[in-house]
Amino acid sequence: MLNLDDIDRSLLSELQRDASQSLDSLSDVVGLSRNACWRRIRLMEDAGIITARVTLVDPAKIGLPLMVFMQIRTGSHDPEWQARFASAAKAIPGILSVYRMTGDLDYLVRARVADMAGYDRLYQQLIARLPVADISASFVMEDIKDSTALPL
């Protein structure tokens, strides 16, 4: 892992804000030459600090306005079930994130769907692939803060 200095953190902040910025723009912001800026970015990519450069899409504008959090409890904790669950979750496009949790809850799933019928289709796809003890869902009424940027 690299030891990040203030310039690296500034570069990361700028890239998290807008990864499409030119090297010239980034170098102006952080006070480095274009080549030095590029070298630092490459080092952070090679070290796995920068894992991807993506485009964020407005879900409502592509017909997926409803975000749902599914709380899943399973009756099984064996490795085979976990592998089947991971495979099922990765195969269902509407599922965006899956977290294995501590406490009462086994898994927390974040998904995007068009509407309640879309949620039901996603739910049916999931339970058709493997048994679960309980699934409950909470639907997001308002996005107050939804960021991909990490604090640096």
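Residues numbered from 1 in each chain as written. Predicted model: local features only at pLDDT ≥ 70, side-chain atom pairs only at ≥ 80, totals over all residues. Heavy atoms only, no water.

A. Quick look at the layout of surface pockets. Each pocket or cavity is described by its volume, and for the largest pocket that value is around 640 Å³. Here the lining of the largest pocket is composed, by residue class, of eleven nonpolar, five polar and three charged. Empty space within the second largest pocket amounts to approximately 460 Å³. Around the second largest pocket, the lining is made up of 14 residues, and of these Val-57, Pro-59, Leu-96, Arg-110 and Arg-112 lie nearest the centre. For the lining of the second largest pocket, the class distribution of residues is seven nonpolar, three polar and four charged. (1 Å grid on protein atoms, 1.4 Å probe; cavity = no way out; pocket = protein on both sides within 12 Å on 5 of 7 lines; lining within 4 Å. Points joined across faces, edges and corners; volume = space filled by probe spheres on them. Nonpolar A, V, L, I, M, F, W, Y, C, P; charged D, E, K, R; others polar.)

B. Spotlight on the packing of aromatic side chains. Counted by the stated rule, this structure contains five aromatic pairs. Taking the centre distance of 4.3 Å and the plane angle of 40° together, the rings of Phe-85 and Tyr-107 count as tilted. A residue pair is termed long-range when its members are at least 10 positions apart, and Phe-85 in helix α4 (residues 79-91) and Tyr-107 in strand β3 (residues 107-113) qualify at 22 residues. You can call Tyr-107 buried: its relative accessible area is 7%. (Phe/Tyr/Trp six-rings, centres within 6.5 Å; stacked < 30°, edge-to-face > 60°. Helix = DSSP H or I, 4+ residues; strand = E, 2+ residues; numbered from the N terminus. Buried < 20%, exposed > 50% of the residue type's maximum accessible area, 1.4 Å probe, protein only.)

C. How the structure looks around the side chain of Arg-112. Take Arg-112: it is sitting in strand β3. A polar contact is formed between the side chain of Arg-112 and the backbone oxygen of Pro-65, at a distance of 3.1 Å. (Polar contact = N/O pair within 3.5 Å; in protein donor to acceptor, adjacent residues only side chain to side chain.)

D. Molecular detail of the nonpolar core. Ranked by internal contacts, the top residues of the largest apolar core, which has 19 residues, are Met-70, Ile-72, Phe-85, Leu-122 and Leu-126. Elements with a minimum of two residues in this core: β1 (66-73), α4, β3 and α5 (116-129). Not counting residues within four places of it along the chain, the set of residues in contact with Phe-85 comprises Ile-72, Val-98, Tyr-107, Val-109, Leu-126 and Leu-130. Ranked by size, the runner-up nonpolar core spans twelve residues in total, among them Leu-11, Leu-23, Ala-36 and Ile-41. (Core = buried A, V, L, I, M, F, W, Y, C linked by side-chain atoms within 4.5 Å. Contact = heavy atoms within 4.5 Å.)

E. The side chain of Gln-21, seen in detail. Within the element layout of this structure, Gln-21 appears in the loop between α1 (6-17) and α2 (23-30). Note on Gln-21: relative accessible area 14%, which makes it buried. Within polar-contact distance, the side chain of Gln-21 engages the backbone oxygen of Glu-14 at 3.0 Å. Residue contacts for Gln-21: discarding those within four places in its chain leaves Glu-14, Leu-15 and Leu-26.

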